[in-house]
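Survey of secondary and tertiary structure
This is what each chain is made of:
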Amino acid sequence: MVEELEPIERFKFACYPGINCFNECCQNLNLALTPYDVLRMSRALELTTTEFLERYTSHHIGIATGLPVVVLKMLPDGRCPFVTENGCSIYADRPTPCRLYPLARVRAGDEVQYYLLREDFCMGHMEGKEWSVVEWVEDQEAEDYNEMNDLFFELISAKNRSGRNLTDGELERIYRACFDVDWFKKETGIDGDLEALKEGIRFSIDLISHV
């Protein structure tokens, strides 16, 4: 069940080792990653973004966006490659969908909407701890993720405005510029990770917008 929430609306939720459903949400996922997710996860694993993308992800062109979509590869048994008996092994740098769960954040134009996800297996909704959307986002340290993901959303908006199909070469450049920060740093000489990530997205927007 999915329930629309306003920022000040409250919901009950808690997750911790020992709850009956612990780690149940870490399997059989179709987990799309944003460029900032890829950067944070690669650094947590002490890998380059190039190595991380090759080892842990696959990518395809999204039907809705016409842009590259990066998806985390699950293990053969359906589990996330980073889940352990004690929980997530990269918890401090976990990706956006895991960080916000049980909330989902959707942006359309200038509007942002949060939704509460209630899955049958999840017992966290039976816990007594109460949150507002704002409190949950702050507690899960998701502000930086939201900010960087909103920047990536500008690329999607630019693609929608352009109304054109991109060539294979353009799509490959956008994939590398947005998701492979270390590749883009070598190409441009930019030193900082965040600077390179932001510039890679800007580069991709310009590529789409200027025919």
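Everything that follows concerns the structure shown earlier in this document.
Below, the structure is looked at part by part.

Reading the values: rules and limits
Residues numbered from 1 in each chain as written. Predicted model: local features only at pLDDT ≥ 70, side-chain atom pairs only at ≥ 80, totals over all residues. Heavy atoms only, no water. Helix = DSSP H or I, 4+ residues; strand = E, 2+ residues; numbered from the N terminus. Buried < 20%, exposed > 50% of the residue type's maximum accessible area, 1.4 Å probe, protein only. Contact = heavy atoms within 4.5 Å. Core = buried A, V, L, I, M, F, W, Y, C linked by side-chain atoms within 4.5 Å. Salt bridge = Lys/Arg side-chain N within 4 Å of Asp/Glu carboxyl O. Pairing = 2+ DSSP bridges. Axes fitted to C-alpha atoms, helices over the stretch in contact; angles between N-to-C directions. Arc of directions from axis to C-beta.

Within the element layout of this structure, phenylalanine 184 appears in helix α7 (residues 181-188). Looking at phenylalanine 184, the relative accessible area reads 5%, which means it is buried. Separated by 140 residues in the primary sequence, phenylalanine 184 and alanine 44 place their C-alpha atoms 19 Å from one another. Contact partners of phenylalanine 184, with chain neighbours within four places excluded, come to Arg176, Ala177, Ile190, Ala196, Glu199, Gly200 and Phe203.

Formed by 38 residues in total, the largest nonpolar core has its most connected members in Leu33, Phe52, Leu72, Phe82, Leu155, Ile174 and Phe179. Every element with two or more residues in this core is listed here: α1 (35-44), α2 (49-56), β5 (68-72), α5 (143-162), α6 (168-179), α7 and α8 (193-209). One finds Phe13, Tyr114, Trp131 and Ala142 within the second-largest nonpolar core, a separate group that totals 14 residues.

Now for the pattern of salt bridges. Taken as a whole and assessed by the stated rule, the structure comprises 15 salt bridges. In this structure, the salt-bridge partner of glutamate 170 is arginine 164, at a minimum N-O distance of 3.2 Å. For the pair formed by glutamate 170 and arginine 164, the shared burial category is buried. Glutamate 199 serves as the salt-bridge partner of arginine 202, at 3.4 Å between the closest nitrogen and oxygen. Here glutamate 199 and arginine 202 lie together in helix α8, a separation of three residues that amounts to about one turn. One network of salt bridges, with partners in common, ties together Arg43, Asp182, Lys185 and Asp193.

Strand order in this open sheet of three strands is β3-β5-β4, and the pairing throughout is antiparallel. Strands with a single pairing partner mark the edges of an open sheet, and in this sheet they are β3 (32-33) and β4 (57-61). Across two bridges, the pairing between β3 and β5 is antiparallel. Its bridge partner lying in β5, leucine 33 is registered against valine 70. Across the sheet, α2 lies against β3, β4 and β5, angled at about 85 degrees from β4, the strand it touches most.

As a further point, take the sheet that holds strand β9 (residues 111-117). Within a sheet, neighbouring strands are paired by backbone hydrogen bonds and run either parallel or antiparallel to one another. If you trace the three strands from one edge of the open sheet to the other, you get β1-β9-β8, paired in antiparallel fashion. In this open sheet, the two edge strands, each paired with only one partner strand, are β1 (2-5) and β8 (103-108). Across the sheet, the mean angle separating the axes of adjacent strands is 35 degrees when strand polarity is ignored. The sheet strands contacting α5 are β8 and β9, and the helix crosses β8 at an angle near 35 degrees.

A few words on α7. Within the sequence span of α7, burial applies to Val181, Asp182, Phe184 and Lys185. All buried residues of α7 lie within an arc of 160 degrees about the axis, which places them on one face of the element. Within α7, the exposed residues directed more than 90 degrees away from the buried face are Lys186 and Glu187. Each element contacted by the buried residues of α7 is listed here: α1, α2, α6 and α8.

That's the geometry; what it means functionally is another story.
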